[in-house]
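# Observations on the model geometry
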Amino acid sequence: MPFSSGIMPTGASFTEYSAITRRAFVPTMYVQIYNASPTFAALMQHAKVASGGISSVTVPVQGQALTVPQWVGFDGSFSQPANIQGIQPAEFNLKGMVTPIPFYGFEGAVQADHAIIPRIEAVFNDATNSTVDVLSNALFVNVSNAQQLIGLNAAFDDGTNAATYGNISRSTSTFWQAKVYNAGGVAPTRSLILQYLVGVNKYGSEMPTMAVLGLGTWLKLVQQDYQGLESYQILPGTGFDTDAYCPEGIMYIWHSSYTALYFHSMANFSFTGFESLLPVYQIGYIGGVVTLLELVCAKPRTTGRVGTVGSVGTQFTFATI
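First things first, this report covers the structure right here in the doc. (Residues numbered from 1 in each chain as written. Predicted model: local features only at pLDDT ≥ 70, side-chain atom pairs only at ≥ 80, totals over all residues. Heavy atoms only, no water.)

What follows deals with the pattern of salt bridges. This structure, assessed with the given rule, holds five salt bridges. With a closest N to O distance of 4.0 Å, Glu107 and Arg119 form a salt bridge. One end of the pair, Glu107, is in helix H3 (residues 107-111); the other, Arg119, is in helix H4 (residues 119-141), with 12 residues separating them in the sequence. Judged by its relative accessible area of 14%, Glu107 is buried. Notably, a salt bridge pairs Glu206 with Lys299, separated by 3.0 Å at the nearest N-O pair. One end of the pair, Glu206, is in the loop between helix H6 (190-204) and strand E8 (210-213); the other, Lys299, is in the loop between strand E13 (284-297) and strand E14 (304-307), and 93 residues separate them in sequence. One connected set of salt bridges, linked through shared partners, spans Asp157, Arg170 and Arg305. (Salt bridge = Lys/Arg side-chain N within 4 Å of Asp/Glu carboxyl O. Helix = DSSP H or I, 4+ residues; strand = E, 2+ residues; numbered from the N terminus. Buried < 20%, exposed > 50% of the residue type's maximum accessible area, 1.4 Å probe, protein only.)

What follows deals with the sheet that holds E14. The strand order across the open sheet formed by four strands is E7-E14-E9-E8, and the pairing between neighbours is mixed. Of all strands in the sheet, those bounded by a partner on one side alone are strand E7 (179-182) and E8. Direction aside, neighbouring strands of the sheet carry axes that sit 15° apart on average. Pairing of E7 with E14, which is carried by four bridges, proceeds in the parallel orientation. Each bridged residue has a counterpart across the sheet, and for Lys179 the counterpart in E14 is Gly304. (Pairing = 2+ DSSP bridges. Axes fitted to C-alpha atoms, helices over the stretch in contact; angles between N-to-C directions.)

Okay, structure coming up:
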């Protein structure tokens, strides 16, 4: 509703002017309710394709030596080799999400040639934003809900959060365990961060390619080990490894060659098209954005998770449009 303040008149004059004067709309809608998710965006950029079938993403993994080397003498004789079974499948099912999009009754007739912001465009835009918001949240939260995207706390785990991952038991198959540290609330420094990176490297025999931590945790590192000692610069096209969804006090470390999002080839934020609601005795249409995906870590041994890292707080959130 219009309101009277500033240069607007009051009382009956305001009522009269509001009845005969157009509003001065800004022809842009600014979304206020979603956060940025660099981690999910990066995973989407390098996503891989999956298709149908049982266990839509099945990764053969070797967790035991298939051969046994033997020392030999001058005659070169050796014992008969055994047939060793050391290969098993890591199996992942795609998770489904549907974001319904309604187009009610005479919405088009009401807004035709008079829309400042076409509502259907706003709904389509929100369908993408809300879907990514829920998926990004699950990426850092979900551990055990089998109907949702399994997150980093289950993928990068030693069995504490997820005893079974990819249908492989981490207790009987210890090669399927990630390296998990408890920082004990100690503030991060370059030396400590390097120790964790080296620890993951030694544990999995491959150097991690990236790490993600909350902005408050990163700022604690800056405060402890950078601020006042030297400068650091952010160049165009680069940025901090921070994420609005990443919980403070945790750092996730992984090798990008083995961790990826898999999207179904026919359901990657795909729109179903509109169908009439006449069969249910209503003028209108209904459609939906369908997404089938799963986070797959094919080699948890190359990943790590550092918990209870000191941070400056959790008050850092950023809105996006």
